[in-house]
Amino acid sequence: MATAKRPTPAPASGQPVAAFVAGGSAAGTWTLDPAVSRVEFHSASMWGMAKIHGQFTAVSATGSVSPSGAVTGEITIQAASLDTKNKKRDIHLRSKDFFDVAQYSTITYSVDRISPLDGNRVEVLGVLTVRGQRHPLPFTATVTDATADAVTIETELEVDRSHFGMGWSPMKMASMSNRIVVNAHFRKADH
């Protein structure tokens, strides 16, 4: 199961997320602002001795919040946009051993529901699709800022890449577990 790991302050308005959503302030269509959002990739190789860090540089997302507070949406990542600052490694990550970007150009996360928890935390239920393989991936996220026209959500997820057909690991030296760090800043589309 994936979980949020960093404690962060409550929404800027000082109200819990449940009150923000229930009050109708969140109703409408929301789009990701890629200029101030980040989706990072962290893994380990050489039996954990070599750390690999990267960022997906092409990410988009839209979502909607109904007047009753129901949330749906989708995040789309261009798989070939993963940049680890090592050209040879990036070419390998884009190959059939990993993301196979020639056949599967996008990674998507479809949000089925977001439910407010205590304070500024939310439970996100949805499905992650990588290399055409879909798997439910629930997680807890933190709303670090929420106003009538902007919301920022942060989370850290642990994803087992073998669930998505990425089992390449000679001598079992590369970890199957990858950490994805998301800082997503959404703006209301009609503001």
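What comes next is a walk through the structure. Counting restarts for each chain, with residues numbered from 1 along the sequence as it is written. Restriction of local features to residues with pLDDT of at least 70 applies here, the model being predicted, together with a cutoff of 80 or more for giving and counting side-chain atom pairs; totals for whole chains, interfaces and linings are based on all residues. The side-chain figures draw on all heavy atoms in the structure; neither hydrogens nor water molecules are used.

## Notes on the pairing of strand S9 (residues 133–136)
So the rule is basically this: For two strands to pair, DSSP has to find at least two bridges joining them. Secondary structure elements are defined from DSSP: runs of H or I of at least 4 residues count as helices, runs of E of at least 2 residues count as strands, and each element is numbered from the N terminus.
In the sheet, strand S8 (residues 121–130) pairs with S9 via four bridges, with the strands oriented antiparallel. When the bridges of S9 are listed, valine 127 appears paired with proline 136.

## Structural notes on the pattern of salt bridges
Close approach of charged atoms allows side chains with opposite charge to pair. Just so we agree on the cut-off: Salt bridge, as applied in this entry: a Lys or Arg side-chain nitrogen positioned within 4 Å of an Asp or Glu carboxyl oxygen. Working definition: with a 1.4 Å probe on protein chains only, accessible area under 20% of the residue-type maximum means buried, over 50% means exposed, and in between means partly exposed.
This structure, assessed with the given rule, holds five salt bridges. The partner of glutamate 40 in a salt bridge is arginine 38, and the shortest N-O contact between them spans 2.9 Å. The partly exposed category is assigned to arginine 38, whose relative accessible area is 38%.

## Here we look at the pairing of strand S7 (residues 106–116)
Along any regular strand, the residues point their side chains to alternate faces of the sheet. Two elements, strand S5 (residues 71–78) and S7, share six bridges in a ladder whose sense is antiparallel. Each bridged residue has a counterpart across the sheet, and for glycine 73 the counterpart in S7 is valine 111. The pairing of S7 with S8 spans eight bridges and is antiparallel. When the sheet's bridge partners are listed, proline 116 is paired in S8 with valine 122. Linking two consecutive strands that pair antiparallel, namely S7 and S8, is a turn of four residues; a positive phi of about 55 degrees is found at glycine 119 within it.

## Points about the environment of isoleucine 180
With respect to the helices, strands and loops of the structure, isoleucine 180 is situated in strand S12 (residues 177–188). With relative accessibility at 14%, the residue isoleucine 180 sits in the buried group. Taking the C-alpha atoms as reference points, isoleucine 180 and glutamate 158, separated by 22 residues in sequence, lie 6.4 Å from one another.

## Describing the side chain of histidine 185
What counts here: Under the rule applied, a polar contact is a pair of N or O atoms within 3.5 Å (in protein, one hydrogen donor and one hydrogen acceptor; residues adjacent in sequence only if both atoms are side-chain atoms).
Its place among the elements puts histidine 185 in strand S12. A distance of 2.6 Å separates a polar atom in the side chain of histidine 185 from a polar atom in the side chain of threonine 152.

## Some details on the nonpolar core
Under the convention used in this document: Take the buried residues of types Ala, Val, Leu, Ile, Met, Phe, Trp, Tyr and Cys, join any two whose side-chain atoms come within 4.5 Å, and each joined set is a nonpolar core. Note on contacts: a residue pair is in contact if any heavy atoms of the two residues lie within 4.5 Å.
Ranked by size, the top nonpolar core spans 42 residues in total, and within it Phe56, Phe99, Ile107 and Leu128 carry the most contacts. Those residues in contact with phenylalanine 56 that lie beyond four places of it in its chain are Val39, Phe41, Ile77, Gln78, Ala79, Ser81, Leu82, Phe99 and Ile107.

## Points about the packing of aromatic side chains
For the record, the criterion: A pair of aromatic rings is counted whenever rings of Phe, Tyr or Trp (Trp by its six-membered ring) have centres within 6.5 Å, and the orientation is called stacked for planes under 30 degrees apart, edge-to-face for over 60 and tilted otherwise.
This structure, assessed with the given rule, holds three aromatic pairs. Seen from their ring centres, phenylalanine 56 and phenylalanine 99 are 6.0 Å apart, and the 85 degrees between their planes marks the pair as edge-to-face. With a gap of 43 residues between them, phenylalanine 56 in strand S3 (residues 50–56) and phenylalanine 99 in the loop between helix H2 (87–93) and S7 connect regions that are remote in the sequence. With a relative accessible area of 8%, phenylalanine 99 lands in the buried category.

## Quick notes on unusual backbone geometry
Phi is mostly negative for residues that are not glycine, and the peptide bonds are mostly trans. Despite not being glycine, lysine 85 shows a phi value in the positive range, around 65 degrees. Of note, lysine 85 is situated in the loop between strand S6 (82–83) and H2. The phi dihedral of arginine 131 falls on the positive side, at around 55 degrees, and the residue is not glycine. Within the secondary structure, arginine 131 sits in the loop between S8 and S9.

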